[in-house]
Amino acid sequence: MKKEWMWLIVISICIGLLIPWSVLRWQRQNVDTKDIVIRVLMTNGKVSSMPLEDYLIGVVAAEMPAEFQLEALKAQTIAARTYAVKQYSTKKLTDKGYDVDTTVKTQAWLSNAQIRNKWGLVNYWRYRGKLEKAVKETRGMVLVANGDYIDAFYHSSSGRKPTERSEDVWASSRSYLKNVSSEETNPERYVQRISFSREDLTKKLGISYLSQQLNFQILSKTTAGRAKTVKVLGKVFETTQLRVLLGLPSTDIEGVVQGDQLVITAYGKGHAVGMSQWGANDMALRNIKAQEILTHFYPGAKIMQISVN
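Residues numbered from 1 in each chain as written. Predicted model: local features only at pLDDT ≥ 70, side-chain atom pairs only at ≥ 80, totals over all residues. Heavy atoms only, no water.

## Details of the overall build of the protein chain
Quick reminder of the rule: By the criteria applied, helices consist of DSSP H or I runs no shorter than four residues and strands consist of E runs no shorter than two, each listed in order from the N terminus. Only protein chains enter the accessibility calculation, which uses a 1.4 Å probe; a residue is then buried when its area is under 20% of its type maximum, exposed when over 50%, and partly exposed in between. In this description, contact between two residues means that some pair of their heavy atoms is separated by no more than 4.5 Å. In these tables, accessible area is a Shrake-Rupley quantity obtained with a 1.4 Å probe, and a residue counts as shielded only by the protein chains included in the view.
Scanning the protein chain for helices and strands turns up 11 helices and 14 strands. Counting only residues that meet the buried cut, the protein chain has 50% of its 309 residues in that class. Of all intrachain contacts in the protein chain linking residues separated by at least 6 positions in sequence, the fraction that spans at least 24 positions is 67%. As displayed, the protein chain offers around 15,500 Å² of accessible surface, 53% of which is attributable to carbon and sulfur atoms.

## Thoughts on the sheet that holds strand S1 (residues 37-41)
The cut-off we apply is this: Between any two strands, at least two bridges found by DSSP are needed for them to pair. Between N-to-C directions, angles span 0 to 180 degrees; the directions come from axes that are lines fitted to C-alpha atoms, helices contributing only their stretch in contact.
As summarised here, the arrangement of the 3 strands in space is S2-S1-S3, forming an open sheet in which the pairing is mixed. Across the chains shown, the open sheet's two edge strands, defined by having one partner strand only, are strand S2 (47-51) and strand S3 (100-101). Pairing geometry for S1 and S2, over 5 bridges, is antiparallel. Residue pairing in the sheet places Leu41 in a bridge with Val47 of S2. The strands touched by helix H3 (residues 52-63) within the sheet are S1, S2 and S3, with S2 carrying the most contacts at an inclination of about 110°.

## Side note on the environment of Thr106
With respect to the element layout, Thr106 can be found in the loop between S3 and helix H5 (112-119). A relative accessible area of 16% places Thr106 in the buried class. Thr106 sits 26 residues away from Ala80 along the chain, and the two C-alpha atoms are 9.9 Å apart. Among all residues touching Thr106, those that are not within four sequence positions of it are Tyr83, Val100 and Asp101.

## Description of the nonpolar core
Using the following cut-off: In this description, a nonpolar core means a group of buried Ala, Val, Leu, Ile, Met, Phe, Trp, Tyr and Cys residues linked to one another through side-chain atoms lying within 4.5 Å.
Counting 62 residues, the largest nonpolar core has Ile38, Tyr55, Met275, Ile293 and Tyr298 as the members making the most contacts within it. Among the secondary structure elements, those contributing two or more residues to this core are S1, H3, helix H4 (70-89), H5, helix H6 (121-137), strand S4 (141-145), helix H10 (277-285) and helix H11 (290-297). By residue number, the principal contributor to this core is H4, which donates 10 residues. Discounting residues that sit within four places of it in the chain, Met275 has contacts with Ala75, Gln76, Phe153, Tyr154, His155, Ala280, Ile293, Leu294, Phe297 and Tyr298. Counting residues in each nonpolar core, the second largest holds 19 residues, with Ile194, Phe216, Val230 and Leu242 among its members.

## Considerations on unusual backbone geometry
Despite not being glycine, Ala171 has its phi angle at roughly 75°, a positive value. Within the secondary structure, Ala171 is located in the loop between helix H7 (166-169) and strand S7 (191-197). Looking at Ala171, the relative accessible area reads 69%, which means it is exposed. Even without being a glycine, Asn287 presents a positive backbone phi close to 65°.

## So, the packing of H3 against H6
How two helices sit against one another is set out by the angle between their axes and by the gap between those axes. Test applied: Here the angle decides the label: under 35 degrees means roughly parallel, over 145 means roughly antiparallel, 65 to 115 means roughly perpendicular, and every other value means oblique. With the far helix as reference, a near helix turned anticlockwise by less than a right angle produces a left-handed crossing, and one turned clockwise produces a right-handed crossing.
Viewed as axis vectors pointing N to C, H3 and H6 meet at an angle of 125°, and their least axial separation amounts to 10 Å. As the angle between them shows, H3 and H6 are arranged oblique. With respect to the hand of their crossing, H3 and H6 are arranged in right-handed fashion. Between H3 and H6, the contacting residues are Glu53, Leu56, Ile57, Val60 and Ala61 on the first element and Arg128, Leu131, Glu132 and Val135 on the second.

## Observations regarding the packing of H4 against H11
Note the cut-off: Gly counts as polar in this scheme, as do all residues outside two lists: the nonpolar Ala, Val, Leu, Ile, Met, Phe, Trp, Tyr, Cys and Pro, and the charged Asp, Glu, Lys and Arg.
Contact pair H4 / H11: the axes reach a minimum separation of 8 Å and the direction vectors enclose 55°. One finds that H4 runs oblique with respect to H11. Seen from above, H4 lies across H11 with right-handed handedness. Taking contact as the criterion, the partners of Glu71, Lys74, Ala75 and Ile78 in H4 are, on H11, Ala290, Ile293 and Leu294. Residues of the contact of H4 with H11, tallied by class, amount to 5 nonpolar, no polar and 2 charged.

## Some words on the sheet that holds strand S5 (residues 148-149)
Strand order in the open sheet formed by 3 strands is S5-S4-S14, and the pairing between neighbours is antiparallel. Looking at the sheet topology across the chains shown, the edges are occupied by S5 and strand S14 (302-305). In the sheet, S4 pairs with S5 via 2 bridges, with the strands oriented antiparallel. Its bridge partner being in S5, Val144 is matched across the sheet by Tyr149. The sheet strands contacting H4 are S4, S5 and S14, and the helix crosses S4 at an angle near 70°.

Right, here's the structure in full:
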């Protein structure tokens with residue numbers, strides 16, 4: 001009898017590992033999105049609590065241009081809701097006292113006052129209704145894969161190349177974050193050329209000598225074709241690290257030495273993992289719905305409906 005109980009315990013643990021609590025919670029309880037209160041860490045260090053659906057309006061206003069097509073805004077809303085619900089549902093494991101902050105470290109967020117300041121009073125009333133519609137028409141929708149909420153990463157523009165696999169950017173693989181077409185109609189929407197002097201580079205890259213010959217070399221590339229490792233002034237960098245140190249908009253870069261200057265040309269904007277926001281809008285302009293946009297950028301993920309009673 002004891003052996004049978006031991007086996008039941010082992011099986012229960014295995015099931016718990018295979019199907020995370022975060023998703024089972026919605027299946028076992030009739031949880032309404034209106035019951036979810038998100039705790040937001042503000043820039044002043046205080047934590048403000050607000051209903052999930054209200055929080056999402058501030059996220060979409062901060063993360064995506066309000067003039068984008070409604071279906072693109074709906075796709076953004078579902079991705080943002082997925083992130084927020086995942087943070088909310090796992091807080092019992094690692095509770096920091098808040099679920100999200102207002103920066104790109106989690107998801108950017110704007111208050112009503114900040115939104116009015118960003119859009120102006122006339123556009124505030126024009127666009128807020130549009131965002132409320134995007135939130136209302138997707139209420140309760142989240143993305144799941146492998147029995148859990150996905151990491152619904154998104155970025156502004158993939159530029160001239162496909163999206164990136166997560167393991168090429170952050171070293172950890174996710175089945176739904178793979179190379180897919182950006183679907184952007186203007187692959188050179190974001191092209192930026194930035195010049196750095198030898199002195200600038202030594203300071204920004206933490207190189208203490210000036211005698212090293214000024215050079216730039218791409219050593220390896222990701223499967224999508226972006227630079228993965230580069231050599232600058234004789235030192236090797238991961239391009240994700242170089243992007244931060246030099247303030248580059250993306251890792252799709254080319255470099256040319258011109259005299260005592262290194263000119264770097266960057267294509268696209270953001271880390272290129274997950275949904276391209278401009279790609280989503282270009283798809284919406286072709287009358288593609290939000291659900292299809294999301295399944296394109298997160299292959300294998302499915303949309304699940306949380307209770308909306």
